[in-house]
Amino acid sequence: MDLRVRVNPITCAGHGICAELLPERIQLDEWGYPIISQDPMPAELERHARQAVAECPTLALFVLEGSDRD
Amino acid sequence: MPLSKDIAGAFGTCEQTVGPGRLLPTGPHRAADLNQHLRAHGPLPYQDGPKLIAAAGEAGLTGRGGAAFPTYRKLQAVLGGEPPVVVANGAESEPASAKDKTLLLVSPHLVLDGLQLAAEAVGARQAYLYVHRNPELLKSLRDAIAERTGRQLDRLAVRLVEAPARFLAGEKTALASRISGGSALPRFNRPPVSERGVGGAPTLVQNVETLAHLALIARHGPAWFREVGTPAEPGTMICTIHTMDRPVQVIETAIGTPLRSLLPLRAPATQALLIGGYHGTWLPTVQAAPLPLANAALRPLGATVGAGILAALPASQCGLVESASVVRYLALESAGQCGPCLNALPRIAGALAALADLRPEPHMRANLLRWAGLAEQRGACHHPDGTVRFVRSALIVFAHEEHCHLQGRCSATDSRPFLPVPGIPPGHRDWK
Amino acid sequence: MISAESGVTLWHTSRATGMFSVWLLSAAIILGVLVNQKGRLTGLPRFGAEGLHRNISLLALAFVAVHVLTVVIDPYVNTSVADVFVPFVSSYQPVWSGLGAVSADLFAAVIITSLVRQRIGHRTWLTIHWLVYVAWPVALIHGLGAATDLRSDWEFGLTCACVVGVGLATSWRLAAAIRAVPRGGRATSILAEIHPAPGQPAGRPGSPGPPAGDGPPVTMHRTIP
């Protein structure tokens, strides 16, 4: 429940796979780069969030757990 | 669009200082002199780390690089881990700012004193002075450092590192990258530079003016520092002042000084004030004129003092042409690493340039606002945020001018460029 | 005791799995370039192409494993497990087997690093991943050398198709790399596309003094290219 998803904008190359795997929280802008919602993550989305992080071709996406500083 | 003038590199045209001569001596600027420095300020008072950090806290010293972050907290942030690295950041990078160069030419020993004191306070093992590549300045600094070494004033050897002439070269992650041997391109700030910076070590980055203030606080104490300025924002700051048809002035003044005593702010002769540099904010003259130079008064209007850059735009110039010129420069200065910044800024620049040229693009306003919204907070550094802030304020303050341009006319009577924007050779790629 | 018939079967199996491995590796490389260049397979979402690349690579791994196993247990060739991974020490066809070992090692490195990708970080993973461009031709040459014949036309044809496919994919990838503007120059090239500035001076970096008669002198640093 304390999970947050963030992106490293330098590493991100705009593949857009994250938006396909976590469409409830990630959308793409007109250039293909992720817009990530700041809404809290319900437990049922956590698995999808972690999958999106694992499948990013450039490993630009990462998660922050409860106590991690933003 | 009128051609932007290139920036001259002559240092002899420094204006003389007005105001409390703390960092910059009153009267015409003279070159640095160690003996004169020691006579005027006394010996370098090395002291106990916690004592210095506490003094910085009591004095209420905040960063003079633009962000105004409390200095004592920055000092504390690098404690407790491996021995940190301390960097004096003199790469001001803003074409419109001359305060750091001036300070380094005129009072380098105050800066170098502050660097030694900060290094001692945090137990640093390496000290750097980071400045733009400029032969006269570098020579002057090397001489100053050598003289101090000769007299065994410095406990930690200071290494001079050259920064490329890029707008982002002074950004803290770009600085850490450059000093570590790479190019001066911003990096993702996780972990922050205060944890892993130069060579992977915790790094303290302080603007050169902040260090100069620290050197004086160490000598005279926090109460002395608070004798001028405001209770919330004590001390003095150095400003760079741009007025049409006058030489650029570098002035040290107490924070809280009325803006109108620093530069001409009479409507309608002056139409707007740019405060905070090219990541700053335009304010209409009538709104700016009664204000003091203090964040407490400026923040409610969406502005900050930043690094003390003030420019009074005369009514004879076109605010849109000036703004378009600046935004074009800012777009070209993007590091090109983050998709939103790289895509939005050139488009914004193009739209503004077209508007300035009296050939506005269709759906210009809607596009500008959308691109601005997409750029904000989606880069690794604050370049897109600062640029968008400048653009939004320009669209507000020059709304009347925009209306004229949309009807195919410009109300300016003078096509000479006002704000300094460096000419960039095509294909300029040097980031080292 | 392994009979002569099973020995022949082992040889057929080893030959067949070896060939399938090359075909699957070729498909994996082509898909890898597709993912890297953000291409799309019709009807499939982006993560589908990426998943396909990964699964085909793992399938190739399975076939390589069987291929290697059949070679090792085959009594007619004296190949030990060490010979599989240490190149050029085998007594049977040292050169061709050696190339097979090299290819197996490189491929193993790529697969292993991909499985622990999140732990080693993107840059390390990417550097090792590029080894596929070496592993593939080495595997192909190993196959052409070690397999004493390409039995039928369709096997030959399919292998040629793989060579063409990987060749095209590699060229595509190389061309993209050559065309790519380095980070520091991207802003300039995008702005030039969007809004070429008419009458912009062709670079006057840092004049030595104030511009004559053109506004007030300024105290600024030089813009040195």
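The structure presented is a predicted model; accordingly, all values stated were derived computationally and were not measured.

What counts and what doesn't
- Residues numbered from 1 in each chain as written.
- Chains lettered and ligands numbered in written order.
- Predicted model: local features only at pLDDT ≥ 70, side-chain atom pairs only at ≥ 80, totals over all residues.
- Helix = DSSP H or I, 4+ residues; strand = E, 2+ residues; numbered from the N terminus.
- Buried ≥ 20, exposed ≤ 12 C-beta atoms within 10 Å, placed from the backbone.
- Contact = placed C-beta atoms within 7 Å.
- Pairing = 2+ DSSP bridges.
- Axes fitted to C-alpha atoms, helices over the stretch in contact; angles between N-to-C directions.
- Core = buried A, V, L, I, M, F, W, Y, C linked by C-beta atoms within 7 Å.
- Domains from an automatic or database assignment.
- pLDDT = per-residue confidence, 0-100.
- Parallel < 35°, antiparallel > 145°, perpendicular 65-115°, else oblique.
- Left-handed = near helix turned anticlockwise from the far one by under 90°.
- Nonpolar A, V, L, I, M, F, W, Y, C, P; charged D, E, K, R; others polar.
- Expected span 1.5 Å × (residues − 1).
- Arc of directions from axis to C-beta.

What to know about the overall build of chain A
On a plain count of helices and strands, chain A comes out with 2 helices and 4 strands. Starting at the N terminus, the α and β elements of chain A follow one another as β-α-β-β-α-β. Dimensions along the principal axes, computed over C-alpha positions, put chain A at roughly 30 × 20 × 20 Å. Counting over 70 residues, chain A shows a buried share of 36%. Within chain A, residue pairs in contact and separated by at least 24 positions form 57% of the contacts whose partners lie at least 6 positions apart.

With respect to the overall build of chain C
When helices and strands are counted, chain C shows 9 helices and 0 strands. Looking at chain C as a whole, 29% of its 225 residues are labelled buried. Of the contacts formed within chain C by residues at least 6 apart in sequence, a portion of 60% connects residues at least 24 apart.

Overview of the sheet that holds strand 5 (residues 236-243) of chain B
All names here are of chain B. As summarised here, the arrangement of the 5 strands in space is 6-5-9-7-8, forming an open sheet in which the pairing is mixed. This sheet does not close on itself; its edge strands, each paired only once, are strand 6 (249-254) and strand 8 (281-284). Between one strand axis and the next, the sheet turns by 30° as a mean value, whatever way the strands run. Pairing analysis gives 4 bridges linking strand 5 to strand 9 (residues 309-314), with the strands arranged parallel. Across the sheet, the residue bridging to threonine 243 is alanine 312, located in strand 9. With respect to the sheet, helix 4 (residues 99-106) is in contact with strand 5 and strand 6, its orientation differing from that of strand 5 by roughly 120°.

Focus on the environment of B:Ala176
Residue and element names in this part refer to chain B. Along the chain, alanine 176 turns up in helix 7 (residues 172-179). The buried category is assigned to alanine 176, around which 28 C-beta atoms lie within 10 Å. In this structure the C-alpha to C-alpha distance between alanine 176 and glycine 306, which are 130 residues apart in sequence, comes to 21 Å. Residues in contact with alanine 176, not counting those within four places in the same chain, are Val193, Gly197, Val198 and Thr203.

What to know about the nonpolar core
One finds B:Val87, B:Leu115, B:Ala118 and B:Ile348 to be the most contacted residues of the largest nonpolar core, which totals 143 residues. Top contributing element to this core by residue count: helix 13 (residues 339-356) of chain B, with 11 residues. Each of domain 1 (34-225) and domain 2 (319-406) of chain B accounts for three or more of the residues forming this core. The residues contacting B:Leu115, other than those within four sequence positions of it, are B:Val86, B:Ala88, B:Ala127, B:Leu129, B:Val158 and B:Leu211. In this structure, C:Ile29, C:Val102, C:Ala104 and C:Cys162 belong to the second largest nonpolar core, which totals 30 residues.

Focus: the environment of B:Ala324
Relative to the helices and strands, B:Ala324 is located in helix 12 (residues 319-332). Along the sequence, B:Ala324 and B:Ala349 sit 25 residues apart, while their C-alpha atoms lie 6.4 Å from each other.

With respect to the confidence of the model for chain C
Residues and elements named next belong to chain C. Overall, the predicted model of chain C reaches an average pLDDT of 80, with 80% of residues at or above 70. Confidence, read as mean pLDDT per element, is least for helix 3 (residues 81-85) in chain C (76) and greatest for helix 6 (residues 122-129) (95). Note on residues 199-225: pLDDT under 50 across the span, and 72 contacts to partners over four residues away in sequence or across chains. Here the predicted complex scores 0.89 on pTM and 0.95 on ipTM.

A short note on the pairing of strand 1 (residues 4-7) of chain A
All names here are of chain A. Only one face of strand 1 is buried, namely the one carrying Val5 and Val7, since none of Arg4 and Arg6 on the opposite face is buried. Sheet topology places strand 1 next to strand 4 (residues 61-64); 4 bridges connect them, and they run antiparallel. Considered in strand 4, the bridge of arginine 6 is made with phenylalanine 62.

Here's the deal with the packing of helix 5 (residues 108-122) of chain B against helix 6 (residues 135-150) of chain B
The axes of two packed helices give the description: the angle between them and the distance between them. Residues and elements named next belong to chain B. Contact geometry for helix 5 and helix 6: axes closest at 10 Å, N-to-C directions at 55°. By the angle between their axes, helix 5 is oblique relative to helix 6. Pair helix 5 / helix 6 crosses with right-handed handedness. Residue-level inspection shows Pro108, His109 and Leu112 of helix 5 in contact with helix 6, the latter providing Leu141, Ala144, Ile145 and Arg148. In terms of residue class, the contact of helix 5 with helix 6 is made up of 5 nonpolar, 1 polar and 1 charged.

Brief notes about the sheet that holds strand 3 (residues 158-163) of chain B
Strands belonging to one sheet form pairs held by backbone hydrogen bonds; the direction of such a pair is parallel or antiparallel. All names here are of chain B. The parallel open sheet is built from 4 strands, whose spatial order is 3-2-1-4. The outermost strands of the open sheet, each flanked by one partner alone, are strand 3 and strand 4 (203-207). Across the sheet, the axes of successive neighbouring strands diverge by a mean angle of 25°, strand direction being ignored. Two elements, strand 1 (residues 85-89) and strand 2 (residues 126-132), share 5 bridges in a ladder whose sense is parallel. Within the sheet, the bridge partner assigned to asparagine 89 lies in strand 2 and is tyrosine 130. Strands in contact with helix 5 are strand 1, strand 2, strand 3 and strand 4; relative to strand 1, the strand with the most contacts, it is inclined by about 155°.

Let's talk about helix 14 (residues 364-375) of chain B
Residue and element names in this part refer to chain B. The first and last C-alpha atoms of helix 14 sit 16 Å apart over 12 residues, in line with the 16 Å expected at 1.5 Å per residue. Along helix 14, the residues classified as buried are Leu368, Trp371, Ala372, Leu374 and Ala375. Down the axis, helix 14 shows its buried residues gathered within 165° of arc, on one side only. Along its buried surface, helix 14 packs onto helix 13 and helix 15 (383-397). Glutamine 377, located one to two residues past helix 14, shows a positive phi value of around 65°.

Some words on unusual backbone geometry
Residues and elements named next belong to chain B. Of note, the bond from arginine 190 into proline 191 is cis; its omega dihedral lies within 30 degrees of zero at -10°. Note on placement: proline 191 falls in the loop between helix 7 and strand 4. With an omega dihedral of -5°, the bond running from alanine 267 to proline 268 counts as a cis peptide bond. Tracing the backbone shows proline 268 in the loop between strand 6 and strand 7 (270-275). Its identity as a non-glycine residue notwithstanding, alanine 68 has a phi of 55°, on the positive side. Look at alanine 68 and you get partly exposed, because 18 C-beta atoms sit within 10 Å. Here serine 93, not a glycine, exhibits a phi torsion of approximately 65°, which is positive. Looking at where serine 93 falls in the secondary structure, it is placed in the loop between strand 1 and helix 4.

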